[in-house]
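Listed below, chain by chain, are the residues.
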Amino acid sequence: MVGICASRKGDITEIKALSYLLDNGFEVFRNESSTGPVDIVALDIVNNKVILIDVKTISPAKSTGIIPIPNKTEIQQKLDVQFLIYDKNTNTFTWEEGEWVYDNEQGSST
């Protein structure tokens, strides 16, 4: 069986992120370009916020279980882009500061 290339894996993760955000009450808009500092623009209608999101796929360190946070680019810092981190081992999403974890398999947030 042929493996899936990295860009396709990224596309799949972004689609999962869109579903996750929609399930949690956000309106979402995807960047159709393959480049740029933002993957998704999410509207939090309840709190009147626009959130610029870059989706990252990571795996926790095997020895500690700590999720390493990637560095933001200068433009991401200026735009206050938030990382939405996908752990492919547990099928969960975590905001960059660990504020919120959603388990797609269980359908609950913690």
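Described in the following lines is the structure provided in the data block.

The next thing to look at is the pairing of strand E3 (residues 49-58). Direction of pairing for strand E2 (residues 40-44) relative to E3: antiparallel, over a ladder of five bridges. When the sheet's bridge partners are listed, Asp-44 is paired in E3 with Lys-49. The hairpin formed by E2 and E3 contains four residues between the paired strands, and Asn-48 there has a positive phi angle of roughly 55 degrees. Across six bridges, the pairing between E3 and strand E4 (residues 82-87) is parallel. From the neighbouring strand, Thr-57 faces E4, where its bridge partner is Tyr-86.

Turning to the environment of Ile-51, a few remarks are in order. Tracing the backbone through its elements, the reader meets Ile-51 in strand E3. Ile-51 gets classed as buried once you look at its relative accessible area, which sits at 15%. Separated by 30 residues in the primary sequence, Ile-51 and Val-81 place their C-alpha atoms 7.2 Å from one another. Apart from the residues lying within four places of it in its own chain, the contact partners of Ile-51 are Phe-26, Ile-40, Val-41, Ala-42, Asp-44, Gln-82 and Trp-95.

Now for the packing of aromatic side chains. Scanning all chains against the criterion turns up three aromatic pairs. Seen in terms of ring centroids, Phe-26 and Trp-95 are 6.5 Å apart; in terms of plane orientation they differ by 55 degrees. Their pairing is tilted. You can see Phe-26 sitting in the loop between helix H1 (6-23) and strand E1 (27-30) and its partner Trp-95 sitting in strand E5 (residues 92-95), a full 69 residues away along the chain. Judged by relative accessible area, which is 8%, Phe-26 ranks as buried. A relative accessible area of 7% places Trp-95 in the buried class. Relative to Phe-93, the ring of Tyr-86 has its centre 4.9 Å away and its plane inclined at 45 degrees; by these criteria the two rings are tilted. Of the residues examined, Tyr-86 reaches a relative accessible area of 4% and is grouped as buried. On the basis of relative accessible area, Phe-93 is assigned to the buried category, the value being 0%.

Rules used throughout
- Residue positions are given per chain, counting from 1 as you read along its sequence in written order.
- Local features in this predicted model are restricted to residues of pLDDT 70 or higher, and side-chain atom pairs are both shown and tallied only at a pLDDT of 80 or more, whereas totals for entire chains, interfaces and linings draw on every residue.
- Side-chain numbers come from the whole structure's heavy atoms, not from hydrogens or water.
- Here, strands pair whenever DSSP counts at least two bridges between them.
- Per the convention used, a helix needs a DSSP run of H or I reaching at least four residues, while a strand needs a run of E reaching at least two, with both numbered from the N terminus.
- For every residue, the accessible area obtained with a 1.4 Å probe (protein chains only) is divided by the maximum for its type, and the residue is called buried under 20%, exposed over 50%, and partly exposed between those limits.
- Residue contacts are defined here by distance: any two heavy atoms, one from each residue, within 4.5 Å place the two residues in contact.
- Pairs were defined over the aromatic rings of Phe, Tyr and Trp, the Trp ring being its six-membered one, requiring ring centres within 6.5 Å. Orientation was assigned from the angle between planes: stacked under 30 degrees, edge-to-face over 60, tilted for the rest.

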